[in-house]
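# Inside the fold
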Amino acid sequence: MSVRSLQEHAHLPANDGGLLAAVAAGHARLTPEQALELLRSAPTAKLGQLADRRCKSLHGDSLRTYVIDRNINYTNICNARCTFCAFRRDGHEHDAYTLSYEQIHEKIAELSAIGGTQVLMQGGMNPALPLEWYLKLLRGIKSKFPHIHIHAFSPPELIEFVHFFDPPGATLEDKIRWVMVRLQDAGLDSLPGGGGEVFAAPVRKKIGLGKCDADAWLTTMYVAHTLGMFTSATMMFGHVEGYADRVHHMWLVRDWQDRVLRESGIDHAATAYAIANAASAGTASSPNGHRSKSGPFGHYVSFITWPFQRENTPLGRVPDWGNDPAELELEFPGDAVARAWDYGRGVGQPGHPAGTRSADEFDFAAMDKARYPTAHLFGKRVRRSGSTDYLRTQALSRLFLDNVYSIGASWVTMGPHVGQVGLRFGASDMGSVMMEENVVSSAGTTYCLDEAVLCRLIRDAGFVPAQRNNGYDVIRTHDGPGAPDLMVADWSEHRARQMHQQSPKSGKAVAIAGGAATLTVSAKG
């Protein structure tokens, strides 16, 4: 059975027991309408149980993974105007920075010293950096650290490279490929899924002015996949979007994944069964074991979601929906606009006048007030996501994204114990031991864990912790007395660890001490 034979059963209600059992087993596919109904109304425990069953069908019931990497934000100078970002600077501020090659190498040396296997490099879209700066950066890292996987440059950065460097090519895809081939030749191994936010045009225009649209983001990842790269996709939610926008976002990821799997000839479902069998047997498994048989194509290997963090951001100053209790009797503006947009099919329809500003997909104030009475408030209210909403959204992603290998738990924003619960809501991976983080922590929330605590969280959730690499190959299984968490004699020693963050101007890391399980770091420049 290939992924193309997974059937949708649109005539069935979302709560049909047979449908949900088949979806959890990987034998049927949810429609967007069914997914939206589950997100809105399925009991939370039921969603978690279904996602857990789907996860176990792919990964077995033994191992759950993590990676040791370092997030290096090489510059905070950026020409985008994302309203949810507290990290960006124009370049003239006292805390604007671009790291030197030497500073980046120093950070990677620290990562390598603790057994790290990957560096994640993302930065602002800095027009002052030429292509040669990036090529020299990559060559230098590969020369000094050939064992380190370079996971770098999210799609918005690649699109800005196209704008900055003006490469040859008749289409955007051609131009992206021209730039990406040169980066790959210099040492780039894969692309992270940053900058996904929410793909729906009304939302993306409202919160990410200056950032690439959904088609450009997805095309960038498609080019990376055709060049053999294995990438991630992400979604940042819990702001102005409607619930249907979250489903639409997942739908686009699934659809483009279908495309690349189809073009590469990968029988993804058969691969998933092989992975599940290996995991059940307690052996190392990987979604990439088929690569030598199926040609040069890569694909998405993971999907990670996290809620919007509001502190220090322009969007964070927008009032919460429900501050006026009377609002709770009405439809959230994001849901109203998502209903009008209708996955893109509502553009140009009666009652949906086009926006007059670049930030507006529609003229929200002029929309049909009988049908969309709250549309005029779109972008003027936020509906924040808490732990329950986060877990529900993560669980739905595991059920809906039947062709994506791994779902990641976002403990960095949600906290260690919500991340731990996420392992029972469809997540198979706990992400990274966090040495450094600047973007999310600039918005007020970053939790810091060392390897021992991360392993303990996985073990206490009922699984065996295993270190992986970027390709999700298991490189170390911690099932013996030498496991990082099992070697700890005094857990009080793990309650204060240091978190690296970028200091203004100097570009040097500064250490912030705090509780390892509950540290909150606020970087305000």
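Residues numbered from 1 in each chain as written. Predicted model: local features only at pLDDT ≥ 70, side-chain atom pairs only at ≥ 80, totals over all residues. Heavy atoms only, no water.

### Describing the pattern of salt bridges
Going by this rule: Salt-bridge detection follows one rule: a side-chain nitrogen of Lys or Arg within 4 Å of a carboxyl oxygen of Asp or Glu. Every helix listed is a DSSP run of H or I at least four residues long, and every strand listed is a run of E at least two residues long, numbered separately from the N terminus. Relative accessible area decides the class of each residue, using a 1.4 Å probe on protein chains only: under 20% of the type maximum gives buried, over 50% gives exposed, and in between gives partly exposed.
Applying the stated criterion across every chain yields a total of 26 salt bridges. The residue K142 makes a salt bridge to D189 at a minimum N-O spacing of 2.8 Å. Residue K142 is found in helix α5 (residues 131-144), and its partner D189 is found in the loop between α7 (172-186) and α8 (201-207); the two are separated by 47 residues along the sequence. Relative accessible area serves as the criterion here: at 27%, D189 is assigned to the partly exposed category. Residues R381 and E327 are paired through a salt bridge, measuring 2.8 Å at the closest nitrogen-oxygen approach. Note that R381 is positioned in the loop between α13 (333-341) and α14 (387-400) and E327 in the loop between β9 (300-307) and α13, a separation of 54 residues in sequence. For the pair shown, R381 and E327 are each scored as buried.

### Concerning the environment of Y222
Selection criterion: We call two residues contacting when some pair of their heavy atoms lies within 4.5 Å.
Within the secondary structure, Y222 is located in helix α9 (residues 214-226). Y222 gets classed as buried once you look at its relative accessible area, which sits at 8%. Contacts of Y222, omitting those with residues within four sequence positions, involve E173, W256, R259 and E263.

### Looking at the confidence of the model for the protein chain
Which entries qualify depends on this criterion: The pLDDT score gives, residue by residue, the confidence of the prediction method on a 0 to 100 scale.
Of all residues in the protein chain, 82% attain a pLDDT of 70 or more, and the chain-wide mean is 85. The model gives residues 269-285 a pLDDT under 50, and that stretch makes 33 contacts with residues more than four places away or in other chains. Overall, residues 496-525 carries pLDDT values under 50, and its contacts beyond four positions in sequence, including any with other chains, amount to 97 contacts.

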